[in-house]
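Geometric and topological summary
As a plain string of letters, each chain reads:
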2 protein chains.
Amino acid sequence: MKNIIGREIPAEYQGMKFKPFSGAFEFVPKGSKYSPALKVSKPGDKKVRKNLREALIAAGIKDGSSISFHHHLRNGDYIINMAMDEIASMGIKNIRFIPTALFGVHKKIIEHIKTGVIGKISGSLNGPVGRFVSDGNLKYPVFLRSHGGRARAIESGDETIDIAIIAAPTCDEFGTILSSVGQSACGPLGYAVTDSQYARQVIAVTDNLVPFPAKKELISYNHIDHIVVVDKIGNPGGIVSGTTVVTRDTLRLKIGHYASKVIEHSGLLIDDVSFQTGAGGASLAAAEFVKNIMLEKKITGSFASGGITGLLVDMYNKGLFKKLLDVQSFDLEAVASYRDNPDHIGISASEYANPHTSGCIVNQLDCVLLGATEVDLNFNVNVNTEVDGALLHGIGGHQDTAAGAKMTVIVAPQFRGNIPLVVDDVTTVTTPGETVDVLVTERGVAVNPRRGDLLERFKKCRDLPVKSIEEIREESIKLVGKPEPIEYEDDIIGIIEYRDGSIIDVVRKVIDKKK
Amino acid sequence: MKNIIGREIPAEYQGMKFKPFSGAFEFVPKGSKYSPALKVSKPGDKKVRKNLREALIAAGIKDGSSISFHHHLRNGDYIINMAMDEIASMGIKNIRFIPTALFGVHKKIIEHIKTGVIGKISGSLNGPVGRFVSDGNLKYPVFLRSHGGRARAIESGDETIDIAIIAAPTCDEFGTILSSVGQSACGPLGYAVTDSQYARQVIAVTDNLVPFPAKKELISYNHIDHIVVVDKIGNPGGIVSGTTVVTRDTLRLKIGHYASKVIEHSGLLIDDVSFQTGAGGASLAAAEFVKNIMLEKKITGSFASGGITGLLVDMYNKGLFKKLLDVQSFDLEAVASYRDNPDHIGISASEYANPHTSGCIVNQLDCVLLGATEVDLNFNVNVNTEVDGALLHGIGGHQDTAAGAKMTVIVAPQFRGNIPLVVDDVTTVTTPGETVDVLVTERGVAVNPRRGDLLERFKKCRDLPVKSIEEIREESIKLVGKPEPIEYEDDIIGIIEYRDGSIIDVVRKVIDKKK
């Protein structure tokens, strides 16, 4: 069957039934949240286990268990590899592996897929593991969800977790977790909160055990069953993803400049503006320009949210925002700010972006800047698959912030090598065009026809090269030609879930023409 | 049927089935938590309603709805009366009324019972409403639960809430609730947290609406559906219950002195001791003596928990505790400390005392001081019914802290008028004797035979009048005689639930001999 944006979705696949995407705000959930198991605790109960194996045994691990992780230590994380190695050494097979994201450092997960320790994956597969799965090396398709969608899936019971393993930069002996302090401090553990509340058993792994009571940040002793102390949970230097420094690349500076003008002229850049940006080069460049406009015009914003970077901390410090709402710190400046600044507030993934709650932060956003691998004529955006069709990137907060913000601006170079950004149809729809308002490249600014109001505003600005998205498309083809279409097998390697639990697209295996 | 401590409990009453109490730590819950309804929110959704009636209508109130309240504004609360008056004026009947506690200021609730607006009650009935219900004026028995037991009941689905109404000293426009600031600041809203998470709909009523985003304390916008602004939610002066000033009464000072010696000689009063005390005269006197011992011996405790008083704040300020873990502030000194001191930490009722979680604070307690109306030869304690059999007091944290603490000390005068404290069998069992270690009166210190270790220690102290509880009983009878036994009808007016959800006792209607 086709979903509402024309993507072919199987009604059923490998026994799983799918609900097709029907529009960003169409689905109204019925029924109740998932009900996690009741627990019991007594005076004198101890939580600290001898080692990870003992904790896993105490948590009841067995073949087929679902195990979740979070990625706040990013490319500096030691815990996913440590835990999966331990699970492998215990002879456990067929784990449902539920990370929030993977990085290059998690390459050895490939071995655990090969040997059948990991049987299914639900989570972003950034980098080498994504490449391996894209080659058809996992029997079941990977489920990709946005940060808000993952919280929703866990709270609704679409994704159930047997054991959540939480990398805890500091943990007291009763299980209070702090991530602002400790040798591996990494900023708020926003993505791990839902896991701690809904998993059948929760293991905290820490390299800084402190006496009870520590002051709770986001995760309470109320939910922690086992504590394991290790030498190091990670290398906080690895938190910096390398993309959070403002670019000197003239192309991205140009995109950033246009994007900042789009924001300036949108009517949103006034006192109490709220703002989010990713850590991509063009986004950060745009934020730097926005900063200067706000300083010049003496605008005081309300909040910046999302993955917080040093740049947003700098804007806060200059008085441009009153609060930083942080689900994950992107660099060590943000980590330090979370530790020192009471206005730098940690939020859970559910508070950040879960649409099936009484309210989430993205719904309060004025403006978000997001990247793209492809954008199509309907403003649908692909961030998941590469130009060769491989599934290499997660959704992150892309769907969530696009749906929530009053204005969603996609910033991306018009070409990657000789591959155009704007295509007739994106390879994979991550984020539906109805939630995308503006595309900014180094050569043009295209406005979604749904937003005639913005188009009118931008047309008045001489410094903005306003074009239709079709014009950008044609101009691109003239310059680099049309790329060869990718051919696919029928096998599905990835399911792209929309944040509401419906299926917005599937990723099929690319036909290997070398064979 | 009789439960394990010999109390006659009906297996069934008015269609409700009861699980008899089987020991403080015997019941292991099976199954899952209650699953509250999924919600949905969209960008642009507004939460502020015109008035309370509009919010109640939006929340779907109807005949038979269950409505919960919390008592952090204590005798200064305006919200319960305001909301119940509004509900009455809407013509709604047969509400299941679920307050955490009631005070004298809530006397007019009696009218709503008389007119059928309130049909059932689940919650503590302190004061005039308790007297009214004790006279048999409610068709269904009242359910009494401890603070931890109430959180457990809500989380397990034993008690379901249609609409939670939260008195919010400060609320931002998106529903973030703060209670440390605002004209009606009242300390942490510990008892309202579970309600906010599990109610079908949640209404915040505030007299201080602020712009989003405010910094979250215990209750998140994630759970708030409607916001109502009123002139005043309460009179913070009424928070002070009048019992939190250290007594000058020589009898209570004597009890306090003995209790402090019990603590001193228990072996628990060493560095990192944790401590809780209620706000009764003898308890506060004991805390004052303990303070002086700690100062003298240079002991630094770990934490004090529970309802926090100015006395505990003073002990913190003198360096005697590292943290204050606060579920409810008992006076304005505590309210100010919660606002100003980062080590004064708000906790939810579930974090405080819910036994069916991965851990709660009471399990970490070394020593708690608690009051009593009656104590029997098995060390069972009654705090619910008065000497005339009327149900006038709630359970509070009595069951919870007694179960959790390493040493539970009951402090109470040996006589109230000519009524002895120690009886053969308490009128009502609130807290089972197996969780009570020591009784301290102005004339004696009795140790539960289960605690031979403590008895040995106390016998060595010349300044402690150690007696058996039977000796105290006999001495009391010699002095004032045996009181006339109360005679009861078959009708049950109250159910005393143990914190694990089993029934520890029932309260029957006293035969009115005047009739």
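Refer to the structure above for everything that follows.
Residues numbered from 1 in each chain as written. Chains lettered and ligands numbered in written order. Predicted model: local features only at pLDDT ≥ 70, side-chain atom pairs only at ≥ 80, totals over all residues. Heavy atoms only, no water.

Here the focus is the overall build of chain A. Per the secondary structure count, chain A includes 14 helices and 29 strands. Dimensions of chain A, computed from the C-alpha atoms along their principal axes, are close to 70 × 55 × 45 Å. Expressed as a percentage of the 515 residues in chain A, the buried residues total 63%. Look at the contacts in chain A between residues 6 or more apart in sequence, and 72% of them connect residues 24 or more apart. Total accessible area on chain A stands at roughly 18,000 Å², and carbon and sulfur atoms take up 49% of it. Once the 60 positive and 62 negative side-chain charges of chain A are each reduced to a mean point, those two points are 1 Å apart. (Helix = DSSP H or I, 4+ residues; strand = E, 2+ residues; numbered from the N terminus. Buried < 20%, exposed > 50% of the residue type's maximum accessible area, 1.4 Å probe, protein only. Contact = heavy atoms within 4.5 Å. Areas by Shrake-Rupley, 256 points an atom, 1.4 Å probe, with all protein chains shown as cover. Lys, Arg positive; Asp, Glu negative; His and termini not counted. Charge placed at Lys NZ, Arg CZ, Asp CG, Glu CD.)

If you look at the interface, chain A gives 53 residues, while chain B gives 53 residues. Buried area between chain A and chain B, summed over both chains or domains, comes out near 4,700 Å², and the portion from carbon and sulfur atoms is 56%. Counting the surface chain A buries against chain B, the share from its top three residues, Leu38(A), Asn222(A) and Ser358(A), is 15%. Of the charged contacts, one joins Glu351(A) and Lys216(B) as a salt bridge, the two residues approaching to 3.0 Å between their closest N and O atoms. If you look at where chain A meets chain B, you find 38 residue pairs in polar contact (both at pLDDT 80 or more). Counting only elements with at least two residues in the side of chain A that touches chain B, the list comes to strand 16 (323-329), helix 11 (349-353) and helix 12 (398-404) of chain A. In terms of residue class, the side of chain A that touches chain B is built from 25 nonpolar, 18 polar and 10 charged. (Buried area = accessible area lost by both parts, 1.4 Å probe. Salt bridge = Lys/Arg side-chain N within 4 Å of Asp/Glu carboxyl O. Polar contact = N/O pair within 3.5 Å; in protein donor to acceptor, adjacent residues only side chain to side chain. Nonpolar A, V, L, I, M, F, W, Y, C, P; charged D, E, K, R; others polar.)

This part covers the relation of the copies chain A and chain B. Placing chain A over chain B gives an RMSD of 0.0 Å and needs a rotation angle of 180°, together with 0.0 Å of translation along the axis. The operation mapping one copy onto its partner corresponds to a two-fold rotation axis. Taking the C-alpha atom as reference, chain A places Ser35(A) closest to the rotation axis, 2.4 Å from it. The share of interface residues of chain A whose copies in chain B are also at the interface is 100%, consistent with both copies meeting through the same surface. (Least-squares fit on C-alpha atoms with pLDDT ≥ 70 in both.)

Residue and element names in this part refer to chain B. Interhelical geometry of helix 8 (residues 281-297) versus helix 9 (residues 310-317) gives an angle of 5° and a closest axis separation of 10 Å. The angle between helix 8 and helix 9 falls in the class roughly parallel. Here helix 8 contributes Leu284, Ala287, Glu288, Val290, Lys291 and Met294 to the contact with helix 9, which in turn contributes Leu311, Asp314 and Met315. For the contact of helix 8 with helix 9, the per-class residue count stands at 6 nonpolar, no polar and 3 charged. (Axes fitted to C-alpha atoms, helices over the stretch in contact; angles between N-to-C directions. Parallel < 35°, antiparallel > 145°, perpendicular 65-115°, else oblique.)

The next subject is a nonpolar patch on the surface. Residues and elements named next belong to chain A. The grouping of Val48, Leu209 and Val229 at the surface amounts to a nonpolar patch, some 200 Å² of accessible area in total. For Leu209, the location among the structural elements is in strand 12 (residues 209-210). Among the residues examined, Leu209 registers a relative accessible area of 31% and is labelled partly exposed. (Patch = residues over 30% accessible without salt bridge, like charges linked within 9 Å, V, L, I, M, F, W, Y side chains within 5 Å.)

What follows concerns the sheet that holds strand 19 (residues 381-382) of chain B. All names here are of chain B. In spatial order, the strands read 19-18-23; together these 3 strands make up an open sheet with mixed pairing. Strand pairing shows two members of the sheet lacking a second neighbour, strand 19 and strand 23 (422-423), which therefore form its edges. Relative to strand 19, strand 18 (residues 374-376) runs antiparallel, the two sharing 2 bridges. Bridging from a neighbouring strand, Val375 pairs with Val381 of strand 19. (Pairing = 2+ DSSP bridges.)

With that settled, the discussion passes to the sheet that holds strand 10 (residues 177-178) of chain A. One open sheet accounts for 3 strands, arranged 10-9-12 (chain A); its pairing is mixed. Looking along the sheet, the strands with just one partner apiece sit at the ends: strand 10 and strand 12 of chain A.

With that settled, the discussion passes to unusual backbone geometry. The peptide bond linking Phe212(A) to Pro213(A) adopts the cis configuration, its omega dihedral lying at -5°. For Pro213(A), the position within the fold is in the loop between strand 12 and strand 13 (226-229). Unlike most non-glycine residues, Gln14(B) shows phi in positive territory, near 50°.

Take the pattern of salt bridges next. Taken as a whole and assessed by the stated rule, the structure comprises 72 salt bridges over all chains. Where Asp340(A) meets Arg339(A), a salt bridge forms, and the shortest distance between an N and an O atom there is 2.9 Å. Salt-bridge contacts for Lys261(B) lead to Asp463(B); the nearest nitrogen and oxygen are separated by 4.0 Å. Of this pair, Lys261(B) sits in helix 7 (residues 250-265) while Asp463(B) is found in the loop between helix 13 (452-459) and strand 26 (466-467), placing the two residues 202 residues apart along the sequence. Looking at Lys261(B), the relative accessible area reads 17%, which means it is buried. The partly exposed category is assigned to Asp463(B), whose relative accessible area is 35%. Through salt bridges that share partners, Arg96(A), Arg145(A), Arg152(A), Asp158(A), Glu159(A) and Glu497(A) make up one connected network.

Residues and elements named next belong to chain A. In terms of burial, helix 5 (residues 147-156) is largely enclosed, as 10 of its 10 residues are buried. All of the buried residues in helix 5 are His147, Gly148, Gly149, Arg150, Ala151, Arg152, Ala153, Ile154, Glu155 and Ser156. Residues of helix 5 that are buried in the fold lie against strand 4 (66-68), strand 5 (95-98), helix 6 (192-198), helix 11, helix 12 and strand 28 (488-497).

This part is about the packing of aromatic side chains. As enumerated under the stated definition, the model contains 16 aromatic pairs over all chains in all. Measuring from centroid to centroid gives 5.4 Å for Phe174(A) and Tyr221(A), while their planes differ by 25°, and the two rings are stacked. Placement of the pair is Phe174(A) in the loop between strand 9 (170-172) and strand 10 and Tyr221(A) in the loop between strand 12 and strand 13, with a sequence separation of 47 residues. Considered together, Phe174(A) and Tyr221(A) belong to a single accessibility category, that of buried residues. Residues Phe303(A) and Phe212(B) carry aromatic rings whose centres are separated by 5.4 Å and whose planes lie at 90° to one another, so their mutual orientation is edge-to-face. Of the two residues, Phe303(A) sits in strand 15 (residues 303-308) while Phe212(B) sits in the loop between strand 11 (209-210) and strand 12 (226-229), which places them in two different chains. Accessibility expressed as a relative area gives 1% for Phe303(A), which makes it buried. Judged by relative accessible area, Phe212(B) falls into the buried class, the value being 11%. Members of the aromatic cluster, each reached through a chain of ring pairs, are Phe174(A), Phe212(A), Tyr221(A) and Phe303(B). We note Lys19(A) situated over the ring of Phe27(A); from NZ or CZ to the ring centre the distance is 3.4 Å. Seen from the ring of Tyr140(B), Lys120(B) lies directly overhead, with NZ or CZ sitting 4.5 Å from the centre. (Phe/Tyr/Trp six-rings, centres within 6.5 Å; stacked < 30°, edge-to-face > 60°. Lys NZ or Arg CZ within 6 Å of the ring centre and 35° of its normal.)

Moving on: the environment of Val507(B). Residue and element names in this part refer to chain B. Inspection of the secondary structure assignment puts Val507 in strand 28 (residues 503-510). Placed 79 residues apart in sequence, Val507 and Thr428 show a C-alpha to C-alpha distance of 6.7 Å. Once you skip the residues sitting within four places of it in the chain, Val507 turns out to touch Thr385, Gly389, Leu391, Thr428, Asp491, Ile492, Ile493, Gly494 and Ile496.

Next up on the list: the side chain of Thr194(A). Within the fold, Thr194(A) resides in helix 6. In this structure, Thr194(A) is in contact with Ala151(A), Ile154(A), Glu155(A) and Ser350(A), ignoring residues within four places of it in sequence.

This brings us to the pairing of strand 14 (residues 303-308) of chain B. All names here are of chain B. Burial analysis of strand 14 places 6 of its 6 residues in the buried class, the great majority of the element. Bridge analysis of strand 13 (residues 275-277) against strand 14 gives 2 bridges, and the strand direction is parallel. Each residue of the ladder has a partner; that of Gln276, found in strand 14, is Ser305. In this sheet, strand 15 (residues 323-329) lies alongside strand 14 in parallel orientation, the contact comprising 6 bridges. From the neighbouring strand, Ile308 faces strand 15, where its bridge partner is Ser329. With respect to chirality, the unit in which strand 14 leads through helix 9 into the neighbouring parallel strand 15 is right-handed. (Right-handed = clockwise from strand over helix to strand, strands pointing away.)

A few words on the packing of helix 7 of chain B against helix 8 of chain B. All names here are of chain B. Contact geometry for helix 7 and helix 8: axes closest at 7 Å, N-to-C directions at 45°. Relative to helix 8, helix 7 is oriented oblique. Considering the relative orientation of helix 7 and helix 8, their crossing is right-handed. Within the contact between the two elements, helix 7 uses Arg252, Leu253, Ile255, Gly256, His257, Ala259, Ser260, Ile263 and Glu264 and helix 8 uses Gly281, Ala282, Ala285, Ala286, Phe289, Val290, Ile293 and Lys297. Each residue belonging to the contact of helix 7 with helix 8 can be placed in one class, and the counts come to 10 nonpolar, 4 polar and 3 charged. (Left-handed = near helix turned anticlockwise from the far one by under 90°.)

Bringing the environment of Ser260(A) into the picture now. All names here are of chain A. Positionally, Ser260 belongs in helix 7 (residues 250-265). Sequence separation between Ser260 and Thr176 is 84 residues, and the spatial gap between their C-alpha atoms is 41 Å. Those residues in contact with Ser260 that sit more than four places away from it in its chain are Ala286, Phe289, Val290 and Ile293.

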